[in-house]
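Below, each chain spelled out in residue letters.
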Amino acid sequence: MAKNINTLLIHGGISEDETTGAVSIPIYQATTFRQTELGKTKAGYEYGRAGNPTRQALEALIAELEEGIEGFAFASGLAALTTVIMLFKSGDKFLISQNVYGGTFRILDKIFKNFGVSYEITDTTDLKVFEKKLKEDKSIKGTIIETPANPLLTITDIKAVAEIAKKYGVTTIVDNTFMTPYLQKPLLLGADIVVHSATKYLGGHSDVIAGLAVIKDKDTAERLKFFQNAAGSILEPFDSWLLMRGIKTLGVRIDRHIENAQYVADFLKNSGSAQKVFYPGFKDSQGYEIHNRQASGAGGMVSFLLSKEHSLNDFVKNLKTAAFAESLGGVESLVCHPASMTHASIPKEIRDKIGISDNLIRVSVGIEDKKDIVEDLKQAFLKSKI
Ligand SMILES: Cc1ncc(COP(=O)(O)O)c(C=O)c1O
């Protein structure tokens, strides 16, 4: 099988139905499978929560794309993260990077804390501080990083973090939602587990909520398989199919997202309406060299601080092509206000400390005509002048 990612996106995993030859894996909308005799199945399937052929095709695909040994599909990105965190036990602690998605913070802060799993937030871009924490606190058993991180697009050195973590017996979990395996493969850089909100670029059309996890060692894969079935937050067959359909065009979509995002970021920089623009494609952006070492493109996300001459509400109210909405990674441009939307579950004092200020705006640049996206921003800037 060819190893080029553009070919794997279409032919990777189980890309053809063995029984019929259908080139799109059928949606096996079945909850249970006839067993031939005691303890014997026809093709390894018993009950849909434990395994379904459509879901299995997707799981094989993401495992191949991320170059792990086994993939798992869940009902959402947070279901994937929750189930991965369940691999740990009471007394264990997580060190999480300071710009992780608000919901990741929330499951640790509001749910796992009650079960004796604690967490601490740190700046994972500072490797000295990161190592010091692992050295001093032996209860740290896992670290969760995002790079580029949500929403300031800060870059963490995956290889360096994974190397340090390994030294202290700590599991490295990378949320690869923003990059996807098309641009970045954390397992090849030393991470142990990759998770995705597949709701975003992998699905790509803002029509499916899904989560994925990929494991690179047999023991953890067996444990996660058990937890996936036991806790039960699996992805249903139709959504598994939608996700596979989305993944087929990931490469062409991401290429266009990057082209458009660079165009939008350049416009914002010179617009006079943004105090500061965050985009990993800028040569002077934080971690530029590290990002280019570990990823093959800057991605489709751009964030900026709206200058004081504009009313935030008037700006978002007047957007026409871009939708003012949560989420990212779809074909349509989406604009969000992290402080009141994606990161609202993080207390204001922590938000201020980590730079998620009230005038921060995040743009998920879609694949529309890039000039139309910029025209839309321009007119919204004009209408929001104070
Ligand atoms: C980086 C990142 N990780 C995880 C999640 C959670 O995923 P989901 O909404 O699919 O549960 C999100 C959602 O916005 C996200 O942006």
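Novice: Where do I start with the environment of Ala-160 in this structure?
Specialist: Turning to its location among the elements, Ala-160 is positioned in helix α6 (residues 158-167). Distance from Ala-160 to Thr-125, taken between C-alpha atoms, is 9.9 Å for residues 35 residues apart in sequence.

Novice: Explanation requested: the domain arrangement of the protein in the structure shown.
Specialist: Think of interface size as the accessible area that goes away when the parts come together; that is how it is often given. Under the domain assignment used here, the protein contains domain 1 (5-248) and domain 2 (251-383). Its largest share of buried area at the contact with domain 2, domain 1 owes to Leu-152, Ile-155 and Tyr-201, together 22% of the area lost on that side. In this assembly, domain 1 and domain 2 are joined by 1 salt bridge. Where Arg-293 meets Asp-157, a salt bridge forms, and the shortest distance between an N and an O atom there is 3.6 Å. Here domain 1 is connected to domain 2 by 15 residue pairs in polar contact (both at pLDDT 80 or more). Every element with two or more residues in the side of domain 1 that touches domain 2 is listed here: α1 (5-11), α4 (102-111), α6, α7 (180-183) and α9 (237-248). Residue contributions to the side of domain 1 that touches domain 2 peak at 4 residues, all from α4. Its residues assigned to classes, the side of domain 1 that touches domain 2 shows 19 nonpolar, 18 polar and 4 charged.

Novice: I'm lost on the sheet that holds strand β3 (residues 70-74) in this one. Help?
Specialist: To summarise the sheet geometry, strands pair through backbone hydrogen bonds and adopt either a parallel or an antiparallel arrangement. Taken in spatial order, the 7 strands of this open sheet run β3-β9-β8-β7-β6-β4-β5, and their pairing is mixed. Every other strand in the sheet has two partners, leaving β3 and β5 (118-122) as the edge strands with one partner each. The average undirected angle you get between the axes of adjacent strands in this sheet is 20°. Set on the sheet, helix α3 (residues 77-85) makes contact with β3, β4 (93-97), β6 (140-146), β7 (171-175), β8 (193-197) and β9 (211-215); between it and β8 the angle comes to about 155°. Packed on one face of the sheet, helix α5 (residues 127-136) meets β4, β5 and β6 and runs near 155° to β5.

Novice: How do you make sense of the packing of aromatic side chains when you look at a structure like this?
Specialist: Centre-to-centre distance and the angle between the planes together describe a pair of aromatic rings. Counted under the stated rule, the structure contains 10 aromatic pairs. Geometrically, the ring pair formed by Phe-105 and Tyr-119 is edge-to-face, given 5.6 Å between the ring centres and 85° between the ring planes. You can see Phe-105 sitting in helix α4 and its partner Tyr-119 sitting in strand β5, a full 14 residues away along the chain. Judged by its relative accessible area of 3%, Phe-105 falls in the buried class. With a centroid separation of 5.9 Å and an interplanar angle of 80°, the aromatic rings of Tyr-279 and Phe-282 are classed as edge-to-face. Both residues of the pair, Tyr-279 and Phe-282, belong to the buried class. In textbook terms, an aromatic cluster arises when at least three aromatic residues are bridged by ring pairs, as seen for Phe-267, Phe-304, Phe-315 and Phe-381.

Novice: Explanation requested: the site of the ligand in the structure shown.
Specialist: Of all residues adjacent to the ligand, which total 13 residues, the nearest are Gly-77, Asp-175, Ser-197, Thr-199 and Lys-200. Take Leu-78: an N or O atom from its main chain is 2.9 Å from an oxygen atom of the ligand. Ser-197 has a polar side-chain atom sitting 2.8 Å from an oxygen atom of the ligand. Its free accessible area being 390 Å², the ligand has 92% of it covered by the protein chains. For the shell around the ligand, the residue count by class is 4 nonpolar, 6 polar and 3 charged.

Novice: Teacher, can you tell me more about the side chain of Asp-17 here?
Specialist: Within the secondary structure, Asp-17 sits in the loop between α1 and β1 (35-37). The buried charged residue Asp-17 lacks any salt bridge partner; its closest oppositely charged side chain belongs to Lys-248, at an N-O distance of 12 Å. The residues touching Asp-17, leaving out its near neighbours within four places in the chain, are Ala-22, Ile-25, Pro-26 and Tyr-28.

Novice: I keep staring at empty space enclosed by the protein and nothing clicks. Help me out?
Specialist: Where empty space is left in the structure can be found by rolling a water-sized probe over the atoms. All chains considered together, the criterion is met by 1 cavity of 30 Å³ or more. Space inside the largest cavity adds up to approximately 40 Å³. Taken together, Ile-96, Ser-97, Gln-98, Val-100, Phe-105, Ile-121, Ile-346, Ile-350 and Ile-354 make up the full set of residues lining the largest cavity. Split by residue class, the lining of the largest cavity holds 7 nonpolar, 2 polar and no charged. Here the lining of the largest cavity gathers at least three residues from each of two domains, domain 1 (5-248) and domain 2 (251-383).

Calculation notes
Residues numbered from 1 in each chain as written. Predicted model: local features only at pLDDT ≥ 70, side-chain atom pairs only at ≥ 80, totals over all residues. Heavy atoms only, no water. Helix = DSSP H or I, 4+ residues; strand = E, 2+ residues; numbered from the N terminus. Domains from an automatic or database assignment. Buried area = accessible area lost by both parts, 1.4 Å probe. Salt bridge = Lys/Arg side-chain N within 4 Å of Asp/Glu carboxyl O. Polar contact = N/O pair within 3.5 Å; in protein donor to acceptor, adjacent residues only side chain to side chain. Nonpolar A, V, L, I, M, F, W, Y, C, P; charged D, E, K, R; others polar. Pairing = 2+ DSSP bridges. Axes fitted to C-alpha atoms, helices over the stretch in contact; angles between N-to-C directions. Contact = heavy atoms within 4.5 Å. Phe/Tyr/Trp six-rings, centres within 6.5 Å; stacked < 30°, edge-to-face > 60°. Buried < 20%, exposed > 50% of the residue type's maximum accessible area, 1.4 Å probe, protein only. Near = heavy atom within 4 Å. Areas by Shrake-Rupley, 256 points an atom, 1.4 Å probe, with all protein chains shown as cover. Lys, Arg positive; Asp, Glu negative; His and termini not counted. 1 Å grid on protein atoms, 1.4 Å probe; cavity = no way out; pocket = protein on both sides within 12 Å on 5 of 7 lines; lining within 4 Å. Points joined across faces, edges and corners; volume = space filled by probe spheres on them.

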